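# Residue-level structure breakdown
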Amino acid sequence: MAIGAALLVIVLFGPAVEEFVFRGAIFGGLYRLGALFSRRMGGRAEGAARFADRFSFLGAALLSSAVFAALHQSAVIIPAIFLLAVVLCLLYRRTGSLLSPFVAHATFNSFTVLIIVLSAIGVSPP
């Protein structure tokens, strides 16, 4: 029973909440704010708008991903979590939906749980 509850939290509820907060609120808010600011500073030219969009995405993705990685509180996995978070931001930007990053995040967590379980029962090395 406890293992099932832990799996639900780690594989479903955790990714759902984290995607809503980190990609939906933090990344989305920073991205829109950066795009608004960049457009006002850069004018209406197509090249300037494209640069503003890329710059806004990069800043929002790096900042929200850094916060996401830091809040996982494990120095060993920070680079992997940071990279995952940037990819999740890219998925969200390309699809415009939180469903894609949620599925990717849940899949990532599923593989992590599987490795931990296999290691615990002695099937794979720790």
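## Focus on the overall build of the protein
- Scanning the protein from terminus to terminus reveals four helices and zero strands.
- In terms of C-alpha radius of gyration, the protein reaches 17 Å, well past the compact-globule figure of 14 Å for 126 residues.
- Across its three principal axes, the protein shows a C-alpha extent of roughly 60 × 25 × 20 Å.
- Per-residue burial for the protein yields a buried fraction of 26% across its 126 residues.
- Long-range contacts, defined as pairs at least 24 residues apart, comprise 65% of the intrachain contacts of the protein with a sequence gap of at least 6.
- About 8200 Å² of surface is accessible on the protein, with carbon and sulfur atoms providing 76% of the total.

## Re the packing of aromatic side chains
- Here the structure, examined in full by the defined rule, presents five aromatic pairs.
- Relative to phenylalanine 68, the ring of phenylalanine 22 lies with its centre 5.0 Å away and its plane at 75°, an arrangement referred to as edge-to-face. Taken together, the positions of phenylalanine 22 in helix α1 (residues 2–42) and phenylalanine 68 in helix α2 (residues 46–71) put the pair 46 residues apart, joining distant regions of the chain. For the residue pair phenylalanine 22 and phenylalanine 68, the accessibility class agrees, reading buried in each case.
- Between tyrosine 31 and phenylalanine 57 the ring centres are 6.5 Å apart and the planes differ by 85°, which places this aromatic pair in the edge-to-face class. Taken as a pair, tyrosine 31 in helix α1 and phenylalanine 57 in helix α2 lie far apart in primary sequence, 26 residues in all. By the burial criterion, tyrosine 31 is buried, and phenylalanine 57 matches it.
- An aromatic cluster is defined as three or more aromatic residues linked by ring pairs; in this entry it consists of Phe27, Tyr31, Phe57 and Tyr92.
- Between the NZ or CZ atom of arginine 23 and the centre of the ring of phenylalanine 68, over which it lies, the distance is 4.5 Å.

## Some words on the side chain of histidine 105
- Counting through the fold element by element, histidine 105 comes out in helix α4 (residues 99–120).
- Polar side-chain contacts of histidine 105 include one of 3.0 Å to the side chain of glutamate 18.
- Not counting the four nearest positions on each side in its chain, histidine 105 is found in contact with Pro15, Glu18, Glu19, Arg23, Phe68 and Leu88.

## Overview of unusual backbone geometry
- Residue glutamine 73 is not a glycine yet carries a positive backbone phi of 50°.
- Structurally, the position occupied by glutamine 73 is in the loop between α2 and α3 (78–95).
- By relative accessible area, which is 71% here, glutamine 73 ends up exposed.

## Some remarks on the confidence of the model for the protein
- Residues of the protein with pLDDT of at least 70 account for 94%, and the chain-wide mean is 89.
- The least confident element of the protein is α2, whose mean pLDDT is 87; the most confident is α3, at 96.

What counts as what
- Residues numbered from 1 in each chain as written.
- Predicted model: local features only at pLDDT ≥ 70, side-chain atom pairs only at ≥ 80, totals over all residues.
- Heavy atoms only, no water.
- Helix = DSSP H or I, 4+ residues; strand = E, 2+ residues; numbered from the N terminus.
- Rg over C-alpha atoms; globule rule 2.2 N^0.38 Å.
- Buried < 20%, exposed > 50% of the residue type's maximum accessible area, 1.4 Å probe, protein only.
- Contact = heavy atoms within 4.5 Å.
- Areas by Shrake-Rupley, 256 points an atom, 1.4 Å probe, with all protein chains shown as cover.
- Phe/Tyr/Trp six-rings, centres within 6.5 Å; stacked < 30°, edge-to-face > 60°.
- Lys NZ or Arg CZ within 6 Å of the ring centre and 35° of its normal.
- Polar contact = N/O pair within 3.5 Å; in protein donor to acceptor, adjacent residues only side chain to side chain.
- pLDDT = per-residue confidence, 0-100.

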